[in-house]
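Residue-level listing of the chains:
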Amino acid sequence: MSHVLPPDALKGTRIGVSVAPSADLDRLGLAESDFRAVLGELVRIVVPAGGELAYGGNLSPDGYTPFLAERARAYAHGRRALLCCLAWTEHRRLPLSELQRRRDQFGEPAEIVCLDADGTPVDPAAGRGEEPVSAFAPETRQRALTGMRRHLTRHTDAHLFLGGRRSGFAGALPGLMEEAFLALEAGRPVYLAAGYGGVTAEIAHALGVGGAPVVPDPADASPPDPRFLDGLARLRALAEAPARRVPPGNGLTGAETRELAGCRDPHRIAALVARGLGRLRGST
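Note that the structure is a prediction, hence the values are computed from the model and not measured.

Residues of strand 6 (residues 190-193) alternate between two faces, with Val190 and Leu192 on one and Tyr191 and Ala193 on the opposite face, all of them buried. Examined bridge by bridge, strand 5 (residues 158-163) and strand 6 share four bridges and lie parallel to one another. For Phe161, the partnering residue across the bridge sits in strand 6 and is Leu192. Between the parallel pair strand 5 and strand 6, the chain is carried across by helix 7 (residues 175-185), and the sense of this crossover is right-handed.

Bringing the side chain of Glu41 into the picture now. Mapped onto the secondary structure, Glu41 falls in helix 2 (residues 32-46). The buried category is assigned to Glu41, whose relative accessible area is 17%. A polar atom in the side chain of Glu41 sits 3.2 Å from the side chain of Arg44.

A word on the confidence of the model for the protein. Model confidence for the protein is summarised by a mean pLDDT of 92, while 98% of its residues fall at 70 or above. Confidence scores differ between elements of the protein, with helix 1 (residues 25-28) showing the lowest mean pLDDT of 87 and strand 6 the highest of 98.

This brings us to the sheet that holds strand 1 (residues 14-20). Taken together, six strands build an open sheet; the order of strands is 4-3-2-1-5-6 and the sheet is parallel. Of all strands in the sheet, those with a lone pairing partner are strand 4 (110-114) and strand 6, marking the two edges. Neighbour-to-neighbour, the strand axes of this sheet turn through a mean angle of 20 degrees, independent of strand direction. Pairing of strand 2 (residues 52-57) with strand 3 (residues 82-86) involves five bridges; the strand directions are parallel. Opposite Tyr55, over in strand 3, you have Cys84 as the bridge partner.

Moving on, we come to the side chain of Glu256. Structurally, the position occupied by Glu256 is in helix 10 (residues 254-262). According to the relative accessible area criterion, Glu256 is buried, its value standing at 9%. Reaching out from Glu256, the side chain makes a polar contact with the side chain of Arg275 at a distance of 2.7 Å. If we skip the residues at most four places from it in the chain, Glu256 touches Leu272, Arg275 and Arg279.

For the rest of this paragraph, the subject is the environment of Gly171. Checked against the element boundaries, Gly171 lands in the loop between strand 5 and helix 7. Here the alpha-carbon distance between Gly171 and Gly262, two residues 91 residues apart in the chain, equals 27 Å. Once residues lying within four places of it in the same chain are set aside, the contact partners of Gly171 are Gln142, Leu145, Arg149 and Arg227.

Time to look at the packing of aromatic side chains. Pairs of aromatic rings are described using the distance from one ring centre to the other and the angle between the two planes. In the structure shown here, the tally under the stated rule is two aromatic pairs. Plain terms: the ring middles of Tyr55 and Tyr64 are 6.1 Å apart, the flat faces sit at 90 degrees to each other, and that makes the pair edge-to-face. Pair check on accessibility: Tyr55 and Tyr64 agree, each one buried. It is Arg36 that lies over the ring of Phe67; its NZ or CZ is 5.4 Å from the centre. Geometry around Phe181 places Arg234 over its ring, the cationic atom sitting 4.5 Å from the centre.

What counts and what doesn't
Residues numbered from 1 in each chain as written. Predicted model: local features only at pLDDT ≥ 70, side-chain atom pairs only at ≥ 80, totals over all residues. Heavy atoms only, no water. Buried < 20%, exposed > 50% of the residue type's maximum accessible area, 1.4 Å probe, protein only. Helix = DSSP H or I, 4+ residues; strand = E, 2+ residues; numbered from the N terminus. Pairing = 2+ DSSP bridges. Right-handed = clockwise from strand over helix to strand, strands pointing away. Polar contact = N/O pair within 3.5 Å; in protein donor to acceptor, adjacent residues only side chain to side chain. pLDDT = per-residue confidence, 0-100. Axes fitted to C-alpha atoms, helices over the stretch in contact; angles between N-to-C directions. Contact = heavy atoms within 4.5 Å. Phe/Tyr/Trp six-rings, centres within 6.5 Å; stacked < 30°, edge-to-face > 60°. Lys NZ or Arg CZ within 6 Å of the ring centre and 35° of its normal.

Encoded structure:
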């Protein structure tokens, strides 16, 4: 299916992107490059229609931020098309000159917002010199990541989820799980591209969204992180709360939502998300 929205169909709409590597990729016959293919397709469809993307990550040269900024540049035509939110612990761990150099590299299509530990935008040069902070207490990292995710939720209209770690995360919950909880609590439409496994598949199962793959743990898997189990319990409780629709309407039919949850084709994933967004805006 080729699904191209008309110009300005998504003007004023910003979709958050939550993506992180999935430990299930090898067992599903997929690769990290498939994540980038999904993101590239999403940019190709959303940005020409006037929409923006938002991502809470870092400025690593091989990370998702430069990839999204590069793809956005091809379609943005001089306007902003990407919001990147940097948690306190992300921008403070870089030398000030290096932080500024990397921000300058992204240019016009990307707005890089540096946040304090509670998720409020700050001047990254305020109260510091050139030297970075080499280490942070675990509680500081958790607070900064939660603050960043709250800021991201406040400044997005919908949210796409893809992959995600079940272990080895620094936040209070797995990153995608916390962002899903915040988006759902705020009533944001969510799109669960769970065919790549990872935490996104766990979110889909917890919310009762059919179509997501069930990937058994390998025999040598470590016991689940208690924070991961806590996140699942919180999502289930949110979904079961009376007088609350979880997940909220995302512009897709039930069949389309199930298809998205099991889909592994980058173009189809992006097209389904665009279809849902377009319906919510009355453009399709």
